[in-house]
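Report on the structure
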Protein chains: 2
Amino acid sequence: MVQSTPTRLRDLALAHQPDAALHMLQALSAEERLQALLALPATDLAALLQVLGHERVARLMEHFAPDDAARILLRLGHADAADVLEEMGPDDAADVMEELEPAVARGILIEMDPAQAQEIRRLMAYDPQTAGGIMTPAFVAVYPHVAAGAVLASVRQRAEDAETIYYIYVMDQTQRLLGVLSLRDLVLSPAHVPVSKLMRTEVVKAQVDADQEAAARLLQEHRLLAIPVVDHEGRLMGIITADDVARVVREEVTEDIARLGGSEPLEHPYLRAGVLEIVRKRVGWLLILFIAGAYTSTVLSHFEATLSEVVALSFFIPLLIGTGGNVGSQIVTTLVRAMAVEDVHLGHLLRVLIKEVSVGVCLGAVMAVATFLRAWIQGVDPRVGEVVAVTAIAIVVWASMVAAVLPLTLRRLGVDPAVVSAPFITTLVDGTGLFIYFTLAHWLLRL
Amino acid sequence: MVQSTPTRLRDLALAHQPDAALHMLQALSAEERLQALLALPATDLAALLQVLGHERVARLMEHFAPDDAARILLRLGHADAADVLEEMGPDDAADVMEELEPAVARGILIEMDPAQAQEIRRLMAYDPQTAGGIMTPAFVAVYPHVAAGAVLASVRQRAEDAETIYYIYVMDQTQRLLGVLSLRDLVLSPAHVPVSKLMRTEVVKAQVDADQEAAARLLQEHRLLAIPVVDHEGRLMGIITADDVARVVREEVTEDIARLGGSEPLEHPYLRAGVLEIVRKRVGWLLILFIAGAYTSTVLSHFEATLSEVVALSFFIPLLIGTGGNVGSQIVTTLVRAMAVEDVHLGHLLRVLIKEVSVGVCLGAVMAVATFLRAWIQGVDPRVGEVVAVTAIAIVVWASMVAAVLPLTLRRLGVDPAVVSAPFITTLVDGTGLFIYFTLAHWLLRL
């Protein structure tokens, strides 16, 4: 008989086979692992924790998103939860604590070692979107006069608790950051040299209240494994490691993509997000876009006479405004990404505009031919075909101008340029495109 | 008088001030640095290289994109270029060589140290999109019987050339990968223990022909600083380091975002891409979308009689199909991202469909009210208002179904789901939406 994963996990726990249980958990995908652990009755979960030991469970927890880890910890007693949290990196532990009800978090903190509880409380005080919010205080630091050999000994001692031992930070008595040396530098040096002779003093560092994205960029740009975080007096508060940065970058990209698609980012992984959460994240933009687009019906009713006279004009409405929207969407997605990776900034506005209008003229010419052919195939009055072709080029160039200017100007105004989503630019071009269409029709057909 | 950057660089080179020159270069942004170096006459560039030394120039080159580094190297003689490439990581050097004309690359390879030239040739043989294409052979490996103390000595020796010394790989005489230990493990162990006792034998590794994205994901998932790359016999061929992975992830995201916006990714950073390159990357999708959307005019001409009878129906065309497109765009961007981070896969199709249809019913109801109000404010026949409201809910649910199903099914067919761009889904929903609109109108208005 094939047993379910939770049942097999329980059996392995009761048979006291930690390696087999761990192996089984590691073979699962992150989502399956979460579901298996959540499906275990509380007593079996406690038994599994007993067998695996707090440290191995802590490693497992660190691989879950903080809210998932919180859901599992909630199913343990406060004392067990506290023991697991003590074994986790303080930054990960603080992230998990932030997901708990304040009363529950307080209950668990009381059970923890007071020094560690204090550290977690301090981390929880920082805005999660800042360098302080993602840093860990688990770094190795030494005074400048210490010799390389002694530092290596201290690294050996602290390796257990430190998030990384690949960088050793040098600070003075007031905790001010003086320099950094890598484990590599240390291993390569004679034992008697003081670290002040080995350290690099030009340290790439982040301010504790700096945006987490800026800190992440700094680490990636300089290809570092970690960067130190300092307060306004230059005191070393913590470090941000490469895997924190990978998570920040991932989250930021997910946000950008959600906004580009015209919705607010979800708070949970897609499959876990409830229907109401999804509705809430989408309905706002849908209504804004609806209201912004509502004037299209005003424009059309304004041209009611033209429309009833030449019904064939209405055939091409979706095609023309669709093409304008497509061009706009191509441009804003390209620009928003170029701004995110800092290829483009406000100073480039004119260059971007000139480039996009040039591209727009080329694309507009192609689309004019395509629309003219389409109208001809459909067999409408050739004069309508001419109007449609001229409109195609006008709309494409117009959409190019709007889409080139908007993201950069919005950034200037302090708005996330990713809100200039594909739907947003499409909606904007819809109404203005119709206005261009019917004005040109009116004029060229002498209505 | 204020001097230009290239002039000042030349002066610093002639005055033999390497530190000042390096400092000045490091203060520039990557783009400014590139432009300054390209603006230097060839003789001044050679002088600067002389003063800075090949190694420092190699570090500068590694921070440029391969094609930019290639443009600078082209301005040096073959011998100088070879010297700089020898000092670069072999993976970076191979990437740069791939950007050069084959004849030029051969000319430079001849000037290089034969062993290093051979290594670069071997790397150039791998598909750049695979693990082999981004790996470096600059790793530290030892045999299993060697004692920890001796390994530390060998690490000291090899640190200069290795890409990372934070992992030491253990292999047998046939180069087969047996295990891995970290510098951390090594530092923490007594000197006499053989590495076979210290190494972990369950190694996270990538196959040499695996997709670079899959390899990147593996490293990030396991929070590693590097992963080994093996061939089909399990022989250690190279390693992939965290900063290679950061670059892969960055490129993949840029590609996904470009496709979501309805264009092919650019080959160069936006500001450097020429007008014709941009046109080429966009015109294909624009035409495909145009052809896909062309049937909207067929649908409309099919309903010509209905349109001339109730012109007011045409007022709401952009608004209704726009809303459908917006909903579709919200869904596909969310799903494409969820698939990219592996939150969602094909097995979830039914769950996704049910979730999106539920969300669609809620959003459709909201939009039905909004469209009805809009029609009422505009003062059209209330029966038209009813048709518009019923259409709103139908189109939103329909768009939800299409957008939920398409990305997952395309992935199944081996197509990049990101091609289901916002413009694509908008176009698809445009025509079908019109059909729904006029069919409902026909039926409800008894035309």
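Turning our attention to the overall build of chain A. Looking only at helices and strands, chain A features 24 helices and six strands. A principal-axis box enclosing the C-alpha atoms of chain A has dimensions of 90 × 65 × 35 Å. Within chain A, the fraction of its 447 residues that count as buried is 48%. Long-range contacts, defined here as pairs at least 24 residues apart, represent 70% of the contacts in chain A between residues at least 6 apart.

Attention shifts here to the nonpolar core. By size, the foremost hydrophobic cluster in this structure holds 222 residues, and its most contacted members are I168, Y169 and I240 of chain A together with I168, Y169 and I240 of chain B. Not counting the four nearest positions on each side in its chain, Y169 of chain B is found in contact with F139, V140, A141, L177, V180, P228 and L236 of chain B. Within the second largest apolar cluster, 38 residues are counted, among which are A13, A58, A70 and A81 of chain A.

Residue and element names in this part refer to chain A. Burial in helix α4 (residues 42-52) covers these residues: L45, L48, L49, V51 and L52. For α4, the angular spread of the buried residues around the axis is 165°, confining them to a single face. Looking at α4, the residues exposed on the side facing more than 90 degrees away from the buried face are A42 and T43. For α4, the elements touching its buried residues are α1 (5-14), α2 (18-27), α3 (30-39), α5 (54-62) and α7 (78-87). One or two steps after α4, the chain reaches G53, where phi turns positive at roughly 90°.

Residues and elements named next belong to chain A. Read across the open sheet, the three strands follow the order β1-β2-β3; overall the sheet is mixed. Looking at strand neighbours, the two that pair on one side only are β1 (140-142) and β3 (177-182), the edges of this open sheet. Adjacent strand axes in the sheet meet at a mean angle of 30°, parallel and antiparallel pairs treated alike. As paired elements, strand β2 (residues 167-171) and β3 share five bridges and run antiparallel to each other. Note on β3: the bridge partner recorded for I168 is L181. Contacting β1 and β2, helix α12 (residues 148-158) runs over the sheet at an angle of about 150° to β1.

Take the packing of helix α21 (residues 317-340) of chain A against helix α22 (residues 349-378) of chain A next. A pair of packed helices is captured by two measures, namely the crossing angle of their axes and the spacing between those axes. All names here are of chain A. The N-to-C vectors of α21 and α22 enclose an angle of 150°; their axes lie 12 Å apart at closest approach. When the axes of α21 and α22 are compared, the pair comes out roughly antiparallel. Between α21 and α22 lies a crossing whose hand is right-handed. The segment α21 lies against α22, with L319, T323, V327, I331 and L335 engaging V352, E356, G360, L363, M367 and T371. When its residues are assigned to classes, the contact of α21 with α22 shows seven nonpolar, three polar and one charged.

A few words on α1 of chain A. All names here are of chain A. Of the positions making up α1, those classed as buried are L9, R10, L12 and A13. Taken end-on, α1 shows its buried residues confined to a sector of 160°, consistent with a single buried face. Packed against the buried residues of α1 are α2, α3 and α4. Where α1 ends, the next residue or the one after it, H16, has phi of about 55°, a positive value.

Glancing now at the pairing of strand β6 (residues 236-241) of chain B. All names here are of chain B. In terms of residue burial, β6 counts as a mostly covered element, since six of its six residues are buried. Examined bridge by bridge, strand β5 (residues 226-230) and β6 share five bridges and lie antiparallel to one another. Bridge pairing links I227 to I240 in β6. The hairpin turn running from β5 into β6, its antiparallel successor, is five residues long, and G234 in that turn takes a positive phi close to 80°.

A few words on the relation of the copies chain B and chain A. Under the fitted operation, chain B is carried onto chain A by 0.1 Å of movement along the axis and a turn of 180°, and the coordinates agree to an RMSD of 0.2 Å. Interpreted geometrically, this transformation is the action of a two-fold axis. When the interface residues of chain B are mapped onto chain A, 100% of them again lie at the interface, so the same face is used by both copies.

Residues and elements named next belong to chain B. The strand order across the open sheet formed by three strands is β4-β5-β6, and the pairing between neighbours is mixed. Taken across any chain shown, the strands that pair with only one partner, and hence form the sheet edges, are β4 (206-207) and β6. Where helix α16 (residues 242-260) meets the sheet, its contacts fall on β5 and β6, and the angle it forms with β6 comes to roughly 65°.

Let us now look at the environment of R446 of chain B. All names here are of chain B. Examined against the element boundaries, R446 turns out to sit in the segment after α24 (422-444). In this structure R446 comes out as exposed when scored by C-beta crowding, with 7 C-beta atoms within 10 Å. Spatially, the C-alpha atom of R446 lies 39 Å from that of L408, the residues being 38 residues apart in sequence.

Turning our eyes to something else, we now look at the domain arrangement of chain A. Often, the extent of an interface is quoted as the loss of accessible area upon association of its parts. By domain assignment, chain A separates into domain 1 (5-126), domain 2 (140-247) and domain 3 (294-444). For domain 1 of chain A versus domain 3 of chain A, the separation of C-alpha centres amounts to 53 Å.

Here the focus is the packing of α22 of chain A against helix α23 (residues 382-412) of chain A. All names here are of chain A. The contact between α22 and α23 brings their axes to 7 Å, and the two run at 155°. Relative to α23, the element α22 is oriented roughly antiparallel. Seen along the crossing, α22 lies across α23 with a hand that is right-handed. Along the lines of polarity and charge, the residues of the contact of α22 with α23 split into 25 nonpolar, five polar and one charged.

Here we come to the interface of chain B and chain A. At the junction of the two partners, chain B supplies 87 residues and chain A supplies 87 residues. Per-element accounting of the side of chain B that touches chain A gives the leading share, 16 residues, to helix α21 (residues 317-340) of chain B. Its residues assigned to classes, the side of chain B that touches chain A shows 50 nonpolar, 24 polar and 13 charged.

With respect to the helices and strands, T254 of chain A occurs in helix α16 (residues 242-260). Of the residues examined, T254 of chain A has 22 C-beta atoms within 10 Å and is grouped as buried. Along the backbone, T254 of chain A and L266 of chain A are twelve residues apart, and their C-alpha atoms lie at a distance of 9.0 Å. For T254 of chain A, the contacting residues outside a window of four places in its chain are P265 of chain A together with R337 of chain B.

To continue, consider unusual backbone geometry. Residues and elements named next belong to chain B. Its identity as a non-glycine residue notwithstanding, H16 has a phi of 55°, on the positive side. Tracing the backbone through its elements, the reader meets H16 in the loop between α1 (5-14) and α2 (18-27). By C-beta crowding, H16 is classed as exposed, having 11 other C-beta atoms within 10 Å.

All right, on to the pairing of β5 of chain B then. Residue and element names in this part refer to chain B. Burial of β5 is extensive: five of the five residues sit out of reach of the surface. Going residue by residue along β5, you find A226, P228 and V230 tucked away on one face and I227 and V229 tucked away on the opposite face as well. Bridge count for β4 against β5 is two bridges, and the pairing is parallel. Directly across from Q207, in β5, lies its bridge partner V230.

Thresholds applied
Residues numbered from 1 in each chain as written. Chains lettered and ligands numbered in written order. Predicted model: local features only at pLDDT ≥ 70, side-chain atom pairs only at ≥ 80, totals over all residues. Helix = DSSP H or I, 4+ residues; strand = E, 2+ residues; numbered from the N terminus. Buried ≥ 20, exposed ≤ 12 C-beta atoms within 10 Å, placed from the backbone. Contact = placed C-beta atoms within 7 Å. Core = buried A, V, L, I, M, F, W, Y, C linked by C-beta atoms within 7 Å. Arc of directions from axis to C-beta. Pairing = 2+ DSSP bridges. Axes fitted to C-alpha atoms, helices over the stretch in contact; angles between N-to-C directions. Parallel < 35°, antiparallel > 145°, perpendicular 65-115°, else oblique. Left-handed = near helix turned anticlockwise from the far one by under 90°. Nonpolar A, V, L, I, M, F, W, Y, C, P; charged D, E, K, R; others polar. Least-squares fit on C-alpha atoms with pLDDT ≥ 70 in both. Domains from an automatic or database assignment.

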